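# Understanding the architecture of this molecule
Take a look at the letters that make up each chain.
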There are 2 protein chains.
Amino acid sequence: MKKLKIPEETIERLPLYLRRSKELSGNGEDFVSSQEFVEKLPGISSDNLRKDLSFFGNFGVKGQGYNTNQLLSRLRSILKLQADTKVALIGVGNLGSALLTHKEFSRWGFMITAAFDKDPRVVGSQIGGISIQPIQGLNQTIQNEAINVAMIAVPAGEAQSVANSVVSAGVKGILNFAPVLLDVPQEVQVEQVDITSKLKELNYYLEG
Amino acid sequence: MKKLKIPEETIERLPLYLRRSKELSGNGEDFVSSQEFVEKLPGISSDNLRKDLSFFGNFGVKGQGYNTNQLLSRLRSILKLQADTKVALIGVGNLGSALLTHKEFSRWGFMITAAFDKDPRVVGSQIGGISIQPIQGLNQTIQNEAINVAMIAVPAGEAQSVANSVVSAGVKGILNFAPVLLDVPQEVQVEQVDITSKLKELNYYLEG
């Protein structure tokens, strides 16, 4: 992993800055202060913003604030969102089906190009324009199509063995929806989408 | 919001510590060092762990490490996960349907007790044992059932107006799946489940 000096918290906030820049630029707001910028980003201060962006060069313009269009295009480039990224989906249950039809992915250059399931009743069916393949073909397809990213949406008990398979097929990044912590080699990056953890966080803030 | 002095990053990590404690305790590992504890928690150092837990009292035992069972029960209590929390779901498309059948929620005391959609073809159907109600009844039901938490799984363009409705009905915490930043009163806590942002984060780490 390169760029290890940039804190993970910073990287985690970049997509939020990207979303906010897009919104502001879409609203025709060409320049905003750091204060206005973070207004709709809960838990992020203007200090966070300034410090985070400082890792990547000079952004703000003195007396004018941030140029939202410029910020948008530079964040896209930092996050390497100019080219398409191929994604494999493993597990086409309820959540997997929802992911296959999630329109937001393609808007940002992520394309699910292959989907796998072990259930013979699901294999062969088409969801969101993608034909579901048997899990046995996973290794071959990921290698042939040079897929770098996998989304794992299988039950908790199967997630680790699926992770092993995609890693040995060459996947470098995993988005894991299963509520289990994966063991992977150090060079593989895992992001956890943990819906229940988010609910627990919410719960903490509720009174009573 | 009480306890404002505890950093949000700390609160965000507590559910991960909870999950890890549960795993270790389930494996029969009664005591672990902070180093072992964070081993499967990417991006979290043993320093983070110690500092985070220090907000809530004394946890580690000198020379023995952490008692995983004790940690589990104290984290449950800090996150108020002993009693059931009622949750309303708004938007029963693909993602909403997946949420309705997500077994992990109830395991942690979250119960979706009401679900709403505006599509007359969906209203009246049953998913995961819940009968889908028309969106018009949202205010009434949330008030009558004293529901505190809402999950918003509607398209981006409708999310803000749904947020306004649930807030005026008395909801204090929102888990937002729509890719849009919500404007809510300060006393309402919003957590964003932003799948595309996670993909963008992953992308940053991929080489080439």
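Residues numbered from 1 in each chain as written. Chains lettered and ligands numbered in written order. Predicted model: local features only at pLDDT ≥ 70, side-chain atom pairs only at ≥ 80, totals over all residues. Heavy atoms only, no water.

Along its length, chain A carries nine helices and nine strands. Its C-alpha atoms give chain A principal-axis dimensions of roughly 60 × 45 × 35 Å. Considering only intrachain contacts with a sequence separation of at least 6, the fraction spanning at least 24 residues in chain A is 55%. In the form shown here, chain A has an accessible surface area of approximately 9400 Å², with 48% of it arising from carbon and sulfur atoms. When the 22 positive and 22 negative side-chain charges of chain A are each reduced to one mean point, those points stand 5 Å apart. (Helix = DSSP H or I, 4+ residues; strand = E, 2+ residues; numbered from the N terminus. Contact = heavy atoms within 4.5 Å. Areas by Shrake-Rupley, 256 points an atom, 1.4 Å probe, with all protein chains shown as cover. Lys, Arg positive; Asp, Glu negative; His and termini not counted. Charge placed at Lys NZ, Arg CZ, Asp CG, Glu CD.)

Moving on, we get to the confidence of the model for chain A. Scored by pLDDT, chain A comes out at a mean of 90, with 97% of its residues at no less than 70. In the model output, the complex is listed with pTM 0.76 alongside ipTM 0.75. (pLDDT = per-residue confidence, 0-100.)

Take the relation of the copies chain A and chain B next. Take chain A, turn it by 180 degrees, move it 0.0 Å along the axis, and it overlays chain B with an RMSD of 0.0 Å. On the angle and the small slide along the axis, the relation comes out as a two-fold axis. Among all C-alpha atoms of chain A, that of Leu95(A) lies closest to the rotation axis, at 3.2 Å. A high fraction, 100%, of the interface residues of chain A reappear at the interface in chain B, so the copies pair face to face through one surface. (Least-squares fit on C-alpha atoms with pLDDT ≥ 70 in both.)

Our next topic: the pairing of strand S8 (residues 173-176) of chain A. Residue and element names in this part refer to chain A. Burial along S8 is two-sided: Gly173 and Leu175 facing one way and Ile174 and Asn176 facing the other are all buried. Looking at chain direction, strand S7 (residues 149-152) and S8 are connected through four bridges and run parallel. Within S8, the residue paired with Met151 across the bridge is Leu175. Once you follow S7 into helix H8 (residues 156-168) and on to S8, the crossover reads as right-handed. The pairing of S8 with strand S9 (residues 189-192) spans four bridges and is classified as parallel. If you follow Gly173 over to S9, its bridge partner there is Gln189. (Buried < 20%, exposed > 50% of the residue type's maximum accessible area, 1.4 Å probe, protein only. Pairing = 2+ DSSP bridges. Right-handed = clockwise from strand over helix to strand, strands pointing away.)

Before going further, it helps to examine the sheet that holds S7(A). One open sheet holds the seven strands; their spatial order is S5-S6-S4-S3-S7-S8-S9 (chain A), and the pairing between them is mixed. A strand with exactly one partner marks an edge of an open sheet, and here the two such strands are strand S5 (126-127) and S9 of chain A. Looking at chain direction, strand S4 (residues 110-117) of chain A and strand S6 (residues 130-134) of chain A are connected through three bridges and run parallel. Bridged to Asp117(A) within S6(A) is Pro134(A). Set on the sheet, helix H9 (residues 195-205) of chain B makes contact with strand S3 (85-90), S4, S7, S8 and S9 of chain A; between it and S9(A) the angle comes to about 165 degrees. (Axes fitted to C-alpha atoms, helices over the stretch in contact; angles between N-to-C directions.)

This next bit is on unusual backbone geometry. Even without being a glycine, Lys80(A) presents a positive backbone phi close to 55 degrees. Position of Lys80(A) among the secondary structure elements: in the loop between helix H4 (68-78) and S3.

On to the interface of chain A and chain B. Taken together, the 64 residues of chain A in the interface contact 64 residues of chain B. Note on chain A versus chain B: buried area summed over both sides is about 6700 Å², and carbon and sulfur give 64% of it. Our enumeration of links across chain A and chain B arrives at six salt bridges. Two residues, Arg19(B) and Asp194(A), come together in a salt bridge whose shortest N-O distance is 2.9 Å. Counting across the interface, chain A meets chain B through 18 residue pairs in polar contact (both at pLDDT 80 or more). Taken together, the elements giving at least two residues each to the side of chain A that touches chain B come down to helix H1 (8-26), helix H5 (94-100), helix H6 (104-107), S8, S9 and helix H9 (195-205) of chain A. (Buried area = accessible area lost by both parts, 1.4 Å probe. Salt bridge = Lys/Arg side-chain N within 4 Å of Asp/Glu carboxyl O. Polar contact = N/O pair within 3.5 Å; in protein donor to acceptor, adjacent residues only side chain to side chain.)

Attention now moves to the sheet that holds strand S9 (residues 189-192) of chain B. The mixed open sheet is built from seven strands, whose spatial order is S5-S6-S4-S3-S7-S8-S9 (chain B). In this open sheet, the two edge strands, each paired with only one partner strand, are strand S5 (126-127) and S9 of chain B. The sheet contact formed by S5(B) and strand S6 (residues 130-134) of chain B spans two bridges and is antiparallel. For Ile127(B), the partnering residue across the bridge sits in S6(B) and is Ile130(B). Taken strand by strand, H9(A) contacts strand S3 (85-90), strand S4 (110-117), strand S7 (149-152), strand S8 (173-176) and S9 of chain B, and its axis lies near 165 degrees from that of S9(B).

Residues three or four positions apart in an α-helix share a direction because the helix packs 3.6 residues into each turn. Residue and element names in this part refer to chain A. The terminal C-alpha atoms of H1 lie 28 Å apart, and with 19 residues this matches the ideal 27 Å at 1.5 Å per residue to within 8%. Maximum bend of H1: about 25 degrees, positioned at Leu14, with proline Pro15 one to four residues after it. Positive phi shows up at Gly28, right after H1, with a value of about 80 degrees. (Expected span 1.5 Å × (residues − 1). Bend = angle between axes of the 7 residues up to and from the residue.)

We now examine the pattern of salt bridges. Note that side chains of opposite charge can pair when their charged atoms are close. Under the defined criterion, the tally for this structure stands at 21 salt bridges over all chains. Linking Arg13(A) and Asp52(A) is a salt bridge whose minimum nitrogen-to-oxygen distance equals 2.6 Å. Of this pair, Arg13(A) sits in helix H1 while Asp52(A) sits in helix H3 (residues 46-54); the two residues are 39 residues apart in sequence, bridging distant segments of the chain. You can call Arg13(A) buried: its relative accessible area is 12%. Counted as one network, the salt bridges with shared partners bring together Glu9(A), Arg13(B) and Asp52(B).

We now examine the packing of aromatic side chains. Under the counting rule described, the total for this entry stands at six aromatic pairs over all chains. Seen from their ring centres, Phe37(A) and Tyr66(A) are 6.4 Å apart, and the 55 degrees between their planes marks the pair as tilted. Taken together, the residues Phe37(A) in helix H2 (residues 34-38) and Tyr66(A) in strand S2 (residues 66-67) connect sequence positions 29 residues apart. Considered together, Phe37(A) and Tyr66(A) belong to a single accessibility category, that of buried residues. Three or more aromatic residues joined by ring pairs make a cluster, and in this case those are Tyr17(A), Phe37(A) and Tyr66(A). Stacked on the ring of Tyr204(B), the Lys or Arg Lys80(A) has its end atom at 5.5 Å from the ring centre. Cation over ring: Lys200(A) sits above Trp108(B), and NZ or CZ is 3.5 Å from the ring centre. (Phe/Tyr/Trp six-rings, centres within 6.5 Å; stacked < 30°, edge-to-face > 60°. Lys NZ or Arg CZ within 6 Å of the ring centre and 35° of its normal.)

Turning our eyes to something else, we now look at the side chain of Lys200(B). Of note, Lys200(B) is situated in helix H9. If we skip the residues at most four places from it in the chain, Lys200(B) touches Pro15(A), Leu18(A), Arg19(A), Leu79(A), Leu81(A), Trp108(A) and Phe110(A).

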